[in-house]
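# A look at the structure
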Amino acid sequence: MNVNKNLVYLLPIRCVIFILIFVIGAVITKQKVEDVSNWWSIAASIVNIVVILILYFFTKKKKSSFWELINYQKGRTKTKQIVAMSVLIMVFGMTGMYVAGYFCYGIIPYAAPMMVAPIPVWLAVMNVVILPITTAFAEDGLYLGCGVNQIKSKILAIIIPAFFFALQHSFIPTLFDLRYIIYRFISFLPLTLILCWYYYKKRNPLPIMIGHAIIDVATALQILATSAVPGFYETMCGM
């Protein structure tokens with residue numbers, strides 16, 4: 001695995017793109033930034049595709065490949081590893097959001113309502129497939145491949161990518177509300193630290209990518225449900 005320190009500078013890119021896409025989207029539609037927040041899942045898929053293309057062209061330029069970037073090796077992953085990682089991501093993902101929700105809002109369970117807000121049904125259907133797949137490749141490719149794999153110091157190789165891995169969620173969607181930004185960051189930091197630590201030790205991205213995709217399928221299905229079933233979103237917000 002070739003170490004390329006320049007790749008580390010790509011770690012903040014998703015934070016920047018998300019802020020830009022929501023601000024520009026609000027300006028184009030002549031709405032407030034928070035009024036376009038329900039489109040976050042579509043914005044995420046678009047940003048994912050952009051990041052994947054950036055990683056593809058960068059690795060191609062270096063005469064490498066995306067698979068080499070993330071150190072993927074065929075045949076080394078066992079089913080039990082995938083199951084264990086999927087359960088871990090679900091448990092720490094949900095626990096992180098509950099603890100952060102209580103810390104920031106004094107409510108358990110707390111869930112930001114815009115995260116499952118309805119969108120056009122046909123887009124919600126498409127995104128059940130597009131969002132999980134592109135997120136796994138874009139986020140794990142960026143933070144594991146360009147982060148963990150490129151930093152020599154063990155501590156920094158875990159902390160720096162995990163920090164930006166969690167921070168990007170503070171802008172998905174982008175709301176200029178400090179409490180919300182802190183809530184989203186705290187929600188994901190424990191999980192991203194665990195994922196980066198696991199990857200540093202094992203250098204095997206597949207269990208993380210599959211577990212990551214599964215939790216995003218669950219989120220996309222929730223959005224599909226609120227989009228397709230009238231009144232379901234209001235019911236969820238009232239829970």
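Described below are features of the structure shown in this document. (Residues numbered from 1 in each chain as written. Predicted model: local features only at pLDDT ≥ 70, side-chain atom pairs only at ≥ 80, totals over all residues. Heavy atoms only, no water.)

The subject of this paragraph is the overall build of the chain. On a plain count of helices and strands, the chain comes out with nine helices and zero strands. Beginning at the N terminus, the succession of helices and strands in the chain can be written as α-α-α-α-α-α-α-α-α. In terms of C-alpha radius of gyration, the chain reaches 18 Å, essentially the compact-globule figure of 18 Å for 239 residues. With respect to the principal axes defined by its C-alpha atoms, the chain has extents near 50 × 40 × 35 Å. Within the chain, the fraction of its 239 residues that count as buried is 47%. Sequence-distant contacts in the chain: of pairs separated by 6 or more residues, those separated by 24 or more amount to 81%. When the accessible surface of the chain is split by element, carbon and sulfur atoms take 71% of a total near 12200 Å². (Helix = DSSP H or I, 4+ residues; strand = E, 2+ residues; numbered from the N terminus. Rg over C-alpha atoms; globule rule 2.2 N^0.38 Å. Buried < 20%, exposed > 50% of the residue type's maximum accessible area, 1.4 Å probe, protein only. Contact = heavy atoms within 4.5 Å. Areas by Shrake-Rupley, 256 points an atom, 1.4 Å probe, with all protein chains shown as cover.)

What follows covers helix α8 (residues 206–228). Between its terminal C-alpha atoms α8 stretches 32 Å, which fits the 33 Å expected from 23 residues at 1.5 Å a residue. Within the sequence span of α8, burial applies to P207, I208, M209, G211, H212, A213, I215, D216, A220, I223, T226 and S227. (Expected span 1.5 Å × (residues − 1).)

The next thing to look at is helix α1 (residues 13–29). Taking 1.5 Å of rise per residue, 17 residues should cover 24 Å, and α1 covers 24 Å from first to last C-alpha, within 8% of that figure. When we look at burial in α1, the residues that qualify are R14, C15, F18, F22 and A26. Projected down its long axis, α1 carries its buried residues within an arc of 110°, all on one side. Residues of α1 that are exposed and point over 90 degrees away from its buried face: V27 and I28. Of the residues one or two after α1, K30 is the one with positive phi, at around 60°. (Arc of directions from axis to C-beta.)

Moving on: the nonpolar core. The biggest cluster of nonpolar side chains holds 67 residues, and the ones touching the most others in it are W40 and C146. Listed by contribution, the elements that provide at least two residues to this core are α1, α2 (40–61), α3 (66–69), α4 (79–105), α5 (121–145), α6 (154–167), α7 (178–202) and α8. Of the residues forming this core, the biggest block, 11 residues, is contributed by α7. Those residues in contact with W40 that lie beyond four places of it in its chain are F22, M114, M115, L131, I172, P173, T219 and I223. (Core = buried A, V, L, I, M, F, W, Y, C linked by side-chain atoms within 4.5 Å.)

Here we come to unusual backbone geometry. The amide bond that connects I172 to the next residue, P173, takes the cis arrangement and shows omega of -5°. Inspection of the secondary structure puts P173 in the loop between α6 and α7. Residues other than glycine seldom take positive phi values, yet N71 does so here, at roughly 60°. Following the sequence through the fold, N71 ends up in the loop between α3 and α4. Classification of N71 by relative accessible area gives buried; the value is 18%. The phi dihedral of R203 falls on the positive side, at around 55°, and the residue is not glycine. Along the chain, R203 turns up in the loop between α7 and α8.

Locating N38 in the fold gives a position in the loop between α1 and α2. A distance of 3.3 Å separates a polar side-chain atom of N38 from the backbone oxygen of P118. (Polar contact = N/O pair within 3.5 Å; in protein donor to acceptor, adjacent residues only side chain to side chain.)

This part is about the packing of α6 against α7. The packing of two helices is summarised by the inter-axis angle and the distance between the axes. At a closest axis distance of 8 Å, the pairing of α6 and α7 adopts a crossing angle of 145°. Crossing geometry of α6 relative to α7 is assigned as right-handed. Contacts from K154, A157, I158, I159, P161, A162, F163, F165, A166 and L167 in α6 reach F185, F188, L189, T192, L193, L195, C196, W197 and Y200 in α7. Its residues placed into classes, the contact of α6 with α7 shows 17 nonpolar, one polar and one charged. (Axes fitted to C-alpha atoms, helices over the stretch in contact; angles between N-to-C directions. Left-handed = near helix turned anticlockwise from the far one by under 90°. Nonpolar A, V, L, I, M, F, W, Y, C, P; charged D, E, K, R; others polar.)

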